[in-house]
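Structure assessment
The chain contents come next:
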Amino acid sequence: MDKPADSASNLPWWLTPWLSPGGAVPQQLSQSILPGWSLVSITEQNSSRPDTEREIVAHESYGRQIGRLLDAVGALIAERPIGAPDLPALIALDDLRTRIDAIKCDAAERRIDTLREDLATLKRTRPDAFAVRAAALRTLLDP
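Basis of the calculations
Residues numbered from 1 in each chain as written. Predicted model: local features only at pLDDT ≥ 70, side-chain atom pairs only at ≥ 80, totals over all residues. Heavy atoms only, no water. Helix = DSSP H or I, 4+ residues; strand = E, 2+ residues; numbered from the N terminus. Buried < 20%, exposed > 50% of the residue type's maximum accessible area, 1.4 Å probe, protein only. Polar contact = N/O pair within 3.5 Å; in protein donor to acceptor, adjacent residues only side chain to side chain. Expected span 1.5 Å × (residues − 1). Arc of directions from axis to C-beta. Contact = heavy atoms within 4.5 Å. Axes fitted to C-alpha atoms, helices over the stretch in contact; angles between N-to-C directions. Parallel < 35°, antiparallel > 145°, perpendicular 65-115°, else oblique. Nonpolar A, V, L, I, M, F, W, Y, C, P; charged D, E, K, R; others polar. Left-handed = near helix turned anticlockwise from the far one by under 90°.

Another aspect to go through is the side chain of Ser47. On the secondary structure map, Ser47 appears in the loop between helix 1 (16–19) and helix 2 (50–59). Note on Ser47: relative accessible area 11%, which makes it buried. Side-chain polar atoms of Ser47 contact the backbone nitrogen of Arg49, separated by 3.3 Å. A polar side-chain atom of Ser47 sits 2.8 Å from a polar atom in the side chain of Glu53.

Structural data, given as structure tokens:
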């Protein structure tokens, strides 16, 4: 015969040691399922046309859109007349572009380091496949 549920928590007696406060199971558990991802929620609260915006972002990410705008504004800044006053907003935007370019270069260096490690593994484990990839890279790298 089953014992009655714990009256304080309405849990069956056999779950009380596990699920009650201070028990073996945490009261809150949070785990990122997509580490490094930034999920953007597009709704009627933050967009006048969320369906259109979702379609645009599916084809052209916010990063790509902002990058193109930064490139265009950077070109306009470069064409400013000599002696034109330095505007703080343009200086800040150019600084942002410089920081983003540095982040992109750092990421490229990390990818190349990973590629070197992968090539070393390929050379050690599959020399024939390595030779094909190395030859292709040499044609790209040699002047």
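Taking 1.5 Å per residue as the helical rise, helix 3 (residues 62–78) with its 17 residues ought to reach 24 Å, and the 24 Å between its terminal C-alpha atoms agrees with that figure. Burial in helix 3 covers these residues: Gly67, Leu70 and Gly74. Looking straight down helix 3, one finds that the buried residues subtend no more than 60° of arc, so they occupy a single side. Residues of helix 3 that are exposed and point over 90 degrees away from its buried face: Arg68, Leu69 and Leu76. Packing partners of the buried residues in helix 3 comprise helix 4 (88–125).

Where helix 2 meets helix 3, the closest approach of the two axes is 7 Å, and the angle between their N-to-C directions is 80°. On the basis of their axis angle, the class for helix 2 and helix 3 is roughly perpendicular. Contacts from Glu53, Ile56, Val57 and His59 in helix 2 reach Tyr62, Arg64 and Gln65 in helix 3. The residue makeup of the contact of helix 2 with helix 3, split by class, is 3 nonpolar, 2 polar and 2 charged.

Between two packed helices, the angle of one axis relative to the other and the distance separating the axes together describe the packing. Packing of helix 3 against helix 4 brings their axes to within 10 Å, and their N-to-C directions diverge by 130°. It follows from the interaxial angle that helix 3 and helix 4 lie oblique. For helix 3 against helix 4, the interelement crossing comes out left-handed. Residues Leu70, Asp71, Val73, Gly74 and Ile77 of helix 3 form the contact with helix 4, whose participating residues are Leu90, Leu93, Leu96, Arg97 and Ile100. Classifying every residue of the contact of helix 3 with helix 4 gives 7 nonpolar, 1 polar and 2 charged.

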